[in-house]
Amino acid sequence: MSIRFRVTVAPSGKKYGAIVNTFRDKATGKVKTQGLKSYGVLSDQKLKDEAFLQAVDADVKALKDQFLKQTAVMREIHSKLDDDASLSKTSSFAMPQYYYALALYRKFWEILGCDAVFSKLGRKSNDPAFKIHGDLICFYFAALLNFNPASSFDTPEDFAEHIFDLSFVNEGSYKAAIKLFYKNKDKIIDALNEKRSFAQDPAQNYTFYLTKFYFLEEDKSKGSNLKEVPMLFSQFLNSFKIPIDFNLWEQPKNRAELYDLLQRFEQKYSFLRETGGTATVISDTEINNKRSLLSLSELGYNYILIRNLHKFPRRMQDLILSNGKWMSVYNKQGQSVYKYKEFILNLSGRSVLGKNEPYKVKSRFIVIWSDSKRIHDLDRLAKQWEAAYEVVSKKENLYEAVPFDENEENTHGLMQFIRKKEDISEYELDFSAYRNRGVTAGFYIIATSLGDPVHDLYRQIRTLWRDKEIFRAVNGSNDASSYKFIKDIQGQFVLKHIAFVLERCMLYFLKRNGLNVSAKQLREIMHESMLAKMPESFAHDKILLKTCNAESFNKTLRKGRKLRFDEVSSILGLTPLQSVETLAALKNKLTTVLPFIEL
């Protein structure tokens, strides 16, 4: 490090004076020069002025003292961190730490133009706070969902570790936002689609994802008893996996209703046919049967239909598992990821378009078992069994009135584990159903018209299942199961959609600019980026130390490893932070409308 006064001469002959710091960058090994203070254009007379030169010497000395002080502080901090590198809150030398990643989300929020969309929307609200801070409130909810997909916004203390003021995140603003989102769903979706024009899909290859959620609502015809309502959730994405739209549909009960659903889909997205685009229907619902497969094929859709093995008759389960040879897929560490076997079936059935001849199709079937799916299935099974136990055993529970038609067979959700006792109007748990579900956990079957490698199909399905879990975890859920009141969650689905658009557009934007990261990696980058406030005993000014997660704190600073967050910051136009920043410098670099907390 060398701090000195330097005079440079421009081609025009003008002389400029500045105090600079010359140092060797640890990350690149190159010598760099950093400007610390500029004096602008200087005349020859000024450069000979003793008073001016003395003032410059004083400035140089002050800057050197500041750097030496920071170096001493860093050495002392490193010394203490060597004794306790965990930075835990119970440590004798714990420093308060704050995430600053919301600045990145905010920068992209403005690049995407969402600030204009939600400022305009907020002015339509009856809530006074929303009228003024509507854009900021909407941003906070969307960004915090990406930062932590499990956010429920019912414990504001969970967000106290951000350096920005999150006092707008409270129960009142959340309810106002959800209500506004639900009322303006179509306007919000259309506005977001216009703003993401940079991510238009020239290939016009779209994915139409169908899955099912169960909701509880009052059945007023039966004395306000509760009943389960199955609803199809559809998500429409382009080939960059950026969401374009979502909808909730009533589940088709027969072939005619399925055809009607497909017709409504075609009318809503008529531009697909007009532009020569293609749509692949990926579905993991109970409508995945022979009729659906034949209908989709005859209507010209590609399809990937997924169904859990336990939803097939027992005889067919035994047939599927006993025939064919299993193939295993391993990761780079030699661990088995999943195993599969595949076969071709010739199917035929009545034409959905009304033709006299039966419609015939040759379809590819793949049986997959994976340990991660097994863990997921067993976890869901345990939660459904627990919920079923509450229905049967707790009379004071919300589910006292058993919410299903006793004349119908129930093979889904918690109701598959409940049966009516013989000769009496009471219900009991069905242990045999629970045991049979456990045996088939981890197995599922894919029927597809695509010739893609199994691994590509597996990856697509896993991605969409992760998306489903995020939508499933909405506020007001019962023990993280899929059972919620339908009127209470529709606005939350809109919020999830906004968060998805923000995240997926950012991933595409980064990839287009040379940084290819996944959603999981982006979230890790956000959680890596923290600022530790130095104790006042070290510095009179409010100085913050750029850190990452506790276990890599020393490694990052000692070896000069460049944080990945800096790469993302540069792409989005934010000035990367130095290892040590004053609060004033931090506010200048994180140029944003987000208010900072009081340190």
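As the structure is a computational prediction, the values presented were derived from the model and not from experiment.

1. Structural notes on the packing of helix 4 (residues 114-122) against helix 5 (residues 128-147)
Reasoning step 1: One can describe the packing of helix 4 onto helix 5 by two numbers: an axis separation of 7 Å at closest approach and a directional angle of 145 degrees. Taken as a pair, helix 4 and helix 5 cross one another with a handedness that is right-handed. Side by side, helix 4 and helix 5 meet where Cys114, Asp115, Phe118, Ser119 and Gly122 of the first sit next to Phe130, Lys131, Gly134, Asp135 and Cys138 of the second.
Reasoning step 2: Partitioning the contact of helix 4 with helix 5 into residue classes produces four nonpolar, three polar and three charged.

2. Focus on the nonpolar core
Reasoning step 1: Core analysis: the biggest nonpolar cluster contains 83 residues, and Phe118, Tyr140 and Phe181 have the highest contact counts within it.
Reasoning step 2: Of all the elements, helix 15 (residues 486-512) adds the most residues to this core, at 15 residues.

3. Quick word on the sheet that holds strand 17 (residues 530-533)
Reasoning step 1: Ordered in space as 4-17-18-19, the four strands form an open sheet in which the pairing is antiparallel. Of all strands in the sheet, those with a lone pairing partner are strand 4 (97-99) and strand 19 (580-582), marking the two edges. On average, adjacent strands in this sheet sit at an angle of 35 degrees to one another, irrespective of strand direction.
Reasoning step 2: Both strand 17 and strand 18 (residues 543-547) contribute to a ladder of four bridges, which runs antiparallel. Bridge assignment links Met530 to a residue of strand 18, and that residue is Thr547.

4. Overview of the state of the cysteines
Reasoning step 1: Under the defined criterion, the tally for this structure stands at zero disulfides.
Reasoning step 2: Cysteine Cys114 is unpaired, with the sulfur of Cys505 as its nearest cysteine sulfur at 7.9 Å.

5. A word on the pattern of salt bridges
Pairing between side chains of opposite charge can happen when the charged atoms of each approach one another.
Reasoning step 1: All chains considered together, the criterion is met by 15 salt bridges.
Reasoning step 2: Residue Glu110 pairs with Arg106 through a salt bridge whose shortest N-O separation is 2.9 Å. Here Arg106 and Glu110 lie together in helix 3 (residues 102-112), a separation of four residues that amounts to about one turn.
Reasoning step 3: For Glu110, a relative accessible area of 27% puts it in the partly exposed group.
Reasoning step 4: Residue classification places Arg106 among the buried residues on the basis of a relative accessible area of 2%.
Reasoning step 5: Ionic pairing is found between Asp467 and Arg504, a salt bridge with its closest N-O pair at 2.8 Å. Here Arg504 lies in helix 15 and Asp467 lies in helix 14 (residues 454-472), a separation of 37 residues in the sequence.
Reasoning step 6: For Asp467, a relative accessible area of 4% corresponds to the buried category.
Reasoning step 7: Classification of Arg504 as buried rests on a relative accessible area of 10%.
Reasoning step 8: Among the charged side chains, a network of salt bridges with common partners joins Asp467, Glu503, Arg504 and Arg523.

6. Considerations on the sheet that holds strand 1 (residues 2-9)
Reasoning step 1: Sheet architecture is open: three strands sit in the order 1-2-3, paired in antiparallel fashion. Edge positions in the sheet fall to strand 1 and strand 3 (31-41), since each of these pairs with one other strand and no more. Put simply, the sheet's adjacent strands are angled 30 degrees from each other on average, direction ignored.
Reasoning step 2: Relative to strand 2 (residues 15-24), strand 1 is paired through eight bridges, and the arrangement is antiparallel. Bridge pairing links Phe5 to Ile19 in strand 2.

7. Notes on helix 4
Reasoning step 1: For helix 4, every residue scored as buried is listed here: Cys114, Val117, Phe118, Leu121 and Gly122. Angular distribution of buried residues about the axis of helix 4 spans 125 degrees; they occupy a single face of the element.

8. Some details on the side chain of Ser297
Reasoning step 1: Relative to the helices and strands, Ser297 is located in helix 10 (residues 290-298).
Reasoning step 2: The class for Ser297 is buried, based on a relative accessible area of 17%.
Reasoning step 3: Dropping the residues within four chain positions of it, Ser297 is found in contact with Tyr303, Tyr359 and Val361.

9. Notes on the packing of aromatic side chains
Reasoning step 1: Counted under the stated rule, the structure contains 29 aromatic pairs.
Reasoning step 2: Their ring planes at 20 degrees and their centres at 5.4 Å tell us that Phe471 and Phe500 sit as a pair that is stacked. In this pair, Phe471 sits in helix 14 while Phe500 sits in helix 15, placing the two residues 29 residues apart along the sequence.
Reasoning step 3: Of the aromatic side chains, those joined through ring pairs into one cluster are Phe213, Phe233, Phe246, Phe471, Phe493 and Phe500.
Reasoning step 4: Stacked on the ring of Trp369, the Lys or Arg Lys339 has its end atom at 5.6 Å from the ring centre.

Definitions and cut-offs
Starting afresh in each chain, residues are numbered from 1 along the sequence in its written order. In keeping with the model being predicted, local features are shown solely for residues with a pLDDT of at least 70 and side-chain atom pairs are shown and tallied solely at 80 or more, while totals for entire chains, interfaces and linings include all residues. Based on all heavy atoms of the structure, the side-chain values leave hydrogens and waters out of the count. An axis is simply a line fitted to the C-alpha atoms; with a helix, the fit covers only the stretch in contact. Between two such axes, the angle follows the N-to-C directions and lies from 0 to 180 degrees. Secondary structure follows DSSP: runs of H or I at least 4 residues long count as helices, runs of E at least 2 residues long count as strands, and numbering of each begins at the N terminus. Whether a crossing is left-handed or right-handed is set by the direction in which the near helix is turned from the far one by less than a right angle, anticlockwise for left-handed and clockwise for right-handed. Residue contacts are counted whenever heavy atoms from the two residues lie within 4.5 Å of one another. Asp, Glu, Lys and Arg are counted as charged, while Ala, Val, Leu, Ile, Met, Phe, Trp, Tyr, Cys and Pro are counted as nonpolar; the rest, among them Gly, fall into the polar class. In this description, a nonpolar core means a group of buried Ala, Val, Leu, Ile, Met, Phe, Trp, Tyr and Cys residues linked to one another through side-chain atoms lying within 4.5 Å. For each residue, the accessible area found with a 1.4 Å probe, counting protein chains only, is set against the maximum for its type, and the residue is called buried under 20%, exposed over 50%, and partly exposed in between. Only strands that DSSP links by at least two bridges are regarded as paired with each other. A pair of sulfur atoms, both from cysteines and within 2.5 Å, is called a disulfide here. Note on definitions: salt bridges are taken to be side-chain nitrogens of Lys or Arg within 4 Å of carboxyl oxygens of Asp or Glu. Here the arc refers to the set of directions running from the helix axis out to each C-beta atom. Any two rings among Phe, Tyr and Trp, with Trp reduced to its six-membered ring, count as a pair given centres within 6.5 Å; such a pair is stacked if its planes are under 30 degrees apart, edge-to-face if over 60, and tilted if neither. Any Lys NZ or Arg CZ that is within 6 Å of a ring centre and within 35 degrees of that ring's normal is treated as a charge sitting over the ring.

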